[in-house]
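Fold and geometry: a report
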Amino acid sequence: MSEGGSAASTPRRLSDETAALVDAAATDRAAGADRFAVARTIAERLGAHPIRPADADPATDPPAGVAFGFWTPDLVDAGVPEDDVRLELFTPVDGADASAATAAVDPGREDLREISFRVDRLPVERDGEFHWVAVEGVPVGTADRLGALYQLVYPDPDGNGEEYRTVRDPLARSLPFGAFAPAEVYDWPRLDATRPDRDHFAALGTDREPLATSPDDGIPRVEPATSMLEIHPGTSTEEGSLRALADRFERIGEKLRADEPLEPHERNYAGYDAVQLMPVEPLTQAYDRQWYWRPGGTEGPESVDGAPLDRERASETVTVGVQRPDQTNWGYDVVVSGFGAANPALLETGRPDELVAFIAACHAMPDPIRVVFDVALGHADEAAAELLPDPFFEGPGMYGLHLDYRHPVVRAVLLELHRRKADFGADGIRIDGAQDFTYHDPETGERIHDDEFLAELDRVTHEVAGAAYRPWMIFEDGRPWPREDWELASTYRTLIDQHPHAFQWSPVTFAHNKPALLTFWATKWWRMREVAEFGSRWITGVANHDTLRRGSQVEVTHDWNSEAINPYLAETPRGTIREAYDSPAALVWFHVAMPGVPMDFLHANHRAPWGFVRDTDPAWNVKVVAQEAPWVDWHVPEGALVDAHGDAAADPFPRLRGVGFETRAELRSFVTTLAAFVETTDYDVDLIADLLSVQGTALEPDERGDDLTAADLQRFSFAWSADVSEYLTLDRWAGDQDDDRTAFDRAVREFRQSRPWLRADVDPGRGEAFGYRHPTEGTVVYEAIRRDPDGGERVLVACNVEGTPVDLSPADVLVDLDAGRDRPDTWTVALPAPEVDAAVGDRVRPDDAVTLETADAIVWRAE
């Protein structure tokens, strides 16, 4: 047999191995303490697993077959006979080069690539709510080859006998054509055995460990980072892929090892020991626009040459049109099914190896970088109901469907999905919206936080390259949100009090923080004080995907600085929002003065535009665009849209220009009016189209008539999502990076990296202090002094976070802080903001003052 089966091999059911799968489940049921314990064990065997002898080497030895397992409660409850259920396998007839089969093509059905598949349908064995089968002759996917695709099929119990239903695999390792297509049999053991950073994991918990760990029940747990960078993979590079992002880190790493200078845009990646990827899970899809698997080439999703698949036959040959998914999305619109796989829209080659390669590139940096996954299991998109059994859902929720975390099998499968995703090699996990993991208490009628489930997530042990470990855990938890007083009432400490090794997002890091508004820094002092006093286990900073988006939603009037927008930061909204989320003062305050782990956002580092983009929900896309109406004021310059970016090759907003918009004024007028009509009509899209037609807009109707229709608004919303997503792409803004500014920002971050003791809470007992100048007199100046607990270094910080210019000396700051014991004869300038009249290394007297303009900062140090 060729490796893992071949196109010439005929898949054949392995009777003994199938019986062994059923026997193993029976053994689990006999040994398990309860249904949840049993399900935890069984869940590890669900999905598709290559079969090898225990002494085989996955790196070199091909599998002898594949074991398949499905949890199918809906099918069983519907009374579908066991003999009617089949495993449906799609095997490439001539083999399939993975990159050729899954590489990107332009959107549109006519651009689908066609692949011929042999389709085989094999009987399976039922075991209660589960179905099992072992099969030989099944090609398995690798880095350079597309494996067989699989799903269960059975006659629709409510149909006429000619209609069939499918069961996808929620625990799939690879979904090259999206979550709504058959999964790929992938050789995960081989990927794990050949990953380039095996030594990184083997050394965890030893004296050779590349990242610090601490024992957790005898298992090494990765220690927290010193600072972290949040990245949206889809808009970080022109390719929008994890492979391109890995290449970027590899090039930066090579330069750092060779002591070569970094380009200004490359500095935006440097000075961190952790990166947090926004979610990389498979996503929901917009029907009619985003179907990437079409048997029959260009006909419907379940047809061959216009005729239904003949599922009465044991085998047949079909032609399937395939395409790499191309959704535009932040990553949080997950369908949960396939959560353990990588989002194929981020895979340039369609291979999950890209995510492993990115992690390995981070681990190979001269100073290894932790990779943190953003895990969104607190909700499911409504389309998840088409992919998952009914018991997965408790009912509708705030973000789609609410998962039933109390169902023992659902609970076990969710934990297994979490384990499989982190087994890509994640060093840390951020739990998105931890306050959303709730269940209904029938006795009280209240929603109860399922903290025990969060504890189960925290206790999951991951195994990569043969090494067991637990990741650094971070929780985003704003409870009692959504209670009206949540901003005041939330302590942001509930889960770190339960888990002493864990971190939470701080109160100044949540979406409602808007540093572009006047008095933000003055009115947030009470929260900043909490950060200083007990924020050592908080993620801090005011620039992330949520805060920058919310800042871009603040309405800008004609007299733009009259709406409480800080007039001191810049002369235009574009300049203001860039300075607000990447100011020297904010950077110095969080990286030098404050405890915890400061997190920056790569788009803010680049001073590039950012906003909410999503093209996966036609029902709500128009409303999403309307909510983003102020984005135009904040991020698009006056004048023609074609001139919105200095690089003519960037060709900004081609689709919006194609539907009628030539200038920023036209686009602003349309989206502002659209937002008003969305609110006044309670989002009646047909009525909105009629009203816009009467008023007159730049949006051109399609060929069907002179008046706008709901379809025209949908067309506009998809054009907006695609154009804005391209406009956000950081490679387009690489040439705009300021040499002095990026050098300063990097120096601040490296200052923090060389002083990990700054992560501890400010300690008055060893002469540390923080505060702000009283009286403010039109300027809010944050100040702090920190002291190295193991040496004599003192670090003095002054930040003009908002207001008029101010003159300050080290002596002034010490008086403000009442730090009488710190009176050295000289101070050394350590970090002057680019606009401050001082240089690194200058030795100054205590009374030597400097002028700090708005958003400027300076750091002095003394031994």
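This one's a predicted model, so the numbers in the text were calculated from it and none came from an experiment.

The next point concerns the overall build of the protein chain. Secondary structure assignment for the protein chain yields 28 helices and 38 strands. Against the compact-globule benchmark of 29 Å for 863 residues, the protein chain has a radius of gyration of 28 Å, which places it among compact chains. Principal-axis analysis of the C-alpha atoms places the extent of the protein chain at approximately 90 × 70 × 60 Å. Buried positions account for 62% of the 863 residues belonging to the protein chain. In the protein chain, of all internal contacts separated by at least 6 residues, the share reaching a separation of at least 24 is 74%.

On to empty space enclosed by the protein. According to the stated counting rule, one finds 5 cavities of 30 Å³ or more in the structure shown. The volume enclosed by the largest cavity comes to roughly 110 Å³. Considering the residues around the largest cavity, the lining is formed by 15 residues, among which Ala543, Tyr581, Ala586, Leu587 and Asp600 are closest to the centre. Every element with two or more residues in the lining of the largest cavity is listed here: helix H19 (584-593) and strand S30 (597-601). Of all the elements, H19 adds the most residues to the lining of the largest cavity, at 4 residues.

Membership of the largest hydrophobic core comes to 242 residues, with the highest contact counts inside it found for Phe68, Phe249, Trp589 and Phe716. Judged by nonpolar contacts, the second largest core, of 13 residues, contains Phe117, Leu149, Trp293 and Val322.

Orientation of H19 relative to helix H27 (residues 739-753), taken along the N-to-C sense of each, is 15°, at an axis distance of 9 Å. It follows that H19 is roughly parallel to H27 by the angle criterion. Regarding H19 and H27, the two cross each other, and that crossing is right-handed. Here Pro584, Leu587, Val588, Phe590, His591 and Val592 of H19 lie close against H27, whose contacting residues are Arg741, Phe744, Asp745, Val748, Arg749, Phe751 and Arg752. Residue composition of the contact of H19 with H27, grouped by class: 8 nonpolar, 1 polar and 4 charged.

Per the stated rule, a full pass over the model turns up 65 salt bridges. Between Asp450 and Arg406 there is a salt bridge whose closest N-O contact spans 3.7 Å. Of this pair, Asp450 sits in the loop between strand S24 (447-449) and helix H12 (451-459) while Arg406 sits in the loop between strand S21 (400-403) and helix H11 (408-422), placing them 44 residues apart in sequence. For Glu530, the salt bridge goes to Arg527, with nearest N and O atoms at 2.8 Å.

Glancing now at the packing of aromatic side chains. Summed over all chains, the structure comprises 43 aromatic pairs. Note on Phe70 and Tyr150: the rings are 6.3 Å apart at their centroids and 70° apart in plane angle, and the pair reads as edge-to-face. Of this pair, Phe70 sits in strand S3 (residues 65-71) while Tyr150 sits in strand S8 (residues 149-155), and the two are 80 residues apart along the sequence. The exposure classification of Phe70 matches that of Tyr150, with both residues buried. Their ring planes at 85° and their centres at 5.5 Å tell us that Trp472 and Phe503 sit as a pair that is edge-to-face. With Trp472 in strand S27 (residues 472-475) and Phe503 in strand S28 (residues 503-505), this pair connects stretches of sequence that are 31 residues apart. Of the two residues examined, Trp472 and Phe503, each falls in the buried class. When the ring centre of Phe612 is taken as reference, the NZ or CZ atom of Arg549 above it lies at 4.3 Å.

So, on to the pairing of strand S38 (residues 857-862). The element S38 is extensively covered by neighbouring structure, given that 5 of its 6 residues are classed as buried. Sheet analysis places strand S33 (residues 794-803) next to S38, joined by 6 bridges and oriented antiparallel. For Val797, the partnering residue across the bridge sits in S38 and is Val859. By the bridge criterion, 4 bridges tie strand S35 (residues 827-832) to S38 in an arrangement that is antiparallel. The partner of Thr828 across the bridge, within S38, is Arg861.

Attention now moves to helix H10 (residues 353-363). Among the 11 residues in H10, 10 count as buried, and that is most of the element. Those residues of H10 that fall on the buried side of the exposure criterion are Asp353, Glu354, Leu355, Val356, Phe358, Ile359, Ala360, Ala361, Cys362 and His363. At its buried positions, H10 is contacted by helix H5 (188-194), helix H6 (198-202), helix H8 (242-257), strand S14 (274-277) and strand S19 (370-375).

Our next topic: the side chain of Arg470. When you line up the elements, Arg470 lands in the loop between strand S26 (467-469) and S27. Arg470 sits in the buried class, given a relative accessible area of 8%. Within the structure, the side chain of Arg470 is placed 3.3 Å from the backbone oxygen of Asp216, a separation counted as a polar contact. In this structure the side chain of Arg470 is engaged in a polar contact, spanning 3.1 Å, whose partner is the backbone oxygen of Arg459. For Arg470, the residues in contact, after removing those within four places along its chain, are Asp216, Asp217, Ile219, Pro220, Arg221, Val222, Asp458, Arg459, Val460 and Thr461.

Our next topic: the sheet that holds S38. Strand order in this open sheet of 6 strands is S31-S32-S33-S38-S35-S36, and the pairing throughout is antiparallel. Across the chains shown, the open sheet's two edge strands, defined by having one partner strand only, are strand S31 (769-772) and strand S36 (843-844). On top of the sheet, H19 reaches S31, strand S32 (779-787), S33, S35 and S38; it is set at about 150° to S33, its chief contact. Of the strands in this sheet, S33, S35 and S38 touch H27, which is tilted by about 120° from S35.

What follows deals with the sheet that holds S28. With respect to topology, 8 strands assemble into a closed barrel ordered S13-S14-S19-S22-S27-S28-S29-S30, the strand pairing being parallel. For this sheet the average axis-to-axis angle between neighbouring strands, irrespective of direction, equals 30°. The pairing of strand S13 (residues 228-231) with S30 spans 3 bridges and is classified as parallel. Counterpart to Met228 in the pairing with S30 is Met599.

Let's shift gears to the environment of Ala225. Checked against the element boundaries, Ala225 lands in the loop between strand S12 (219-222) and S13. Exposure remark for Ala225: the relative accessible area of 0% places this residue in the buried category. For the pair Ala225 and Asp353, spaced 128 residues apart in sequence, the C-alpha separation works out to 25 Å.

A few words on the layout of surface pockets. Taken as a whole, the largest pocket encloses approximately 1,400 Å³ of empty space. Taken together, 44 residues line the largest pocket, and the ones lying closest to its centre are Asp333, Met398, Tyr399, Phe612 and Arg614. If you list the elements that add at least two residues to the lining of the largest pocket, you get helix H17 (545-551) and helix H21 (621-627). Among the residues forming the lining of the largest pocket, the class breakdown is 16 nonpolar, 15 polar and 13 charged.

What follows is about the packing of H11 against H12. Contact geometry of H11 with H12 gives a least axis separation of 10 Å together with a crossing angle of 35°. Here H11 and H12 pass one another in a crossing that is right-handed. From H11, Arg411, Leu414, Leu415 and His418 reach across to H12, where they touch Glu452, Phe453, Glu456 and Leu457.

The subject of this paragraph is the confidence of the model for the protein chain. Interpretation of the predicted coordinates at a detailed level should be avoided for regions scoring low in pLDDT. Per-residue pLDDT for the protein chain averages 93, and the proportion of residues at 70 or more is 94%. Predicted confidence is poor over residues 104-110, with pLDDT under 50, and the contacts of this stretch with residues over four places away or in other chains come to 12 contacts. Note that pLDDT drops below 50 for residues 298-307; the model gives that stretch 22 contacts with residues more than four away or on any other chain.

Conventions used here
- Residues numbered from 1 in each chain as written.
- Predicted model: local features only at pLDDT ≥ 70, side-chain atom pairs only at ≥ 80, totals over all residues.
- Heavy atoms only, no water.
- Helix = DSSP H or I, 4+ residues; strand = E, 2+ residues; numbered from the N terminus.
- Rg over C-alpha atoms; globule rule 2.2 N^0.38 Å.
- Buried < 20%, exposed > 50% of the residue type's maximum accessible area, 1.4 Å probe, protein only.
- Contact = heavy atoms within 4.5 Å.
- 1 Å grid on protein atoms, 1.4 Å probe; cavity = no way out; pocket = protein on both sides within 12 Å on 5 of 7 lines; lining within 4 Å.
- Points joined across faces, edges and corners; volume = space filled by probe spheres on them.
- Core = buried A, V, L, I, M, F, W, Y, C linked by side-chain atoms within 4.5 Å.
- Axes fitted to C-alpha atoms, helices over the stretch in contact; angles between N-to-C directions.
- Parallel < 35°, antiparallel > 145°, perpendicular 65-115°, else oblique.
- Left-handed = near helix turned anticlockwise from the far one by under 90°.
- Nonpolar A, V, L, I, M, F, W, Y, C, P; charged D, E, K, R; others polar.
- Salt bridge = Lys/Arg side-chain N within 4 Å of Asp/Glu carboxyl O.
- Phe/Tyr/Trp six-rings, centres within 6.5 Å; stacked < 30°, edge-to-face > 60°.
- Lys NZ or Arg CZ within 6 Å of the ring centre and 35° of its normal.
- Pairing = 2+ DSSP bridges.
- Polar contact = N/O pair within 3.5 Å; in protein donor to acceptor, adjacent residues only side chain to side chain.
- pLDDT = per-residue confidence, 0-100.

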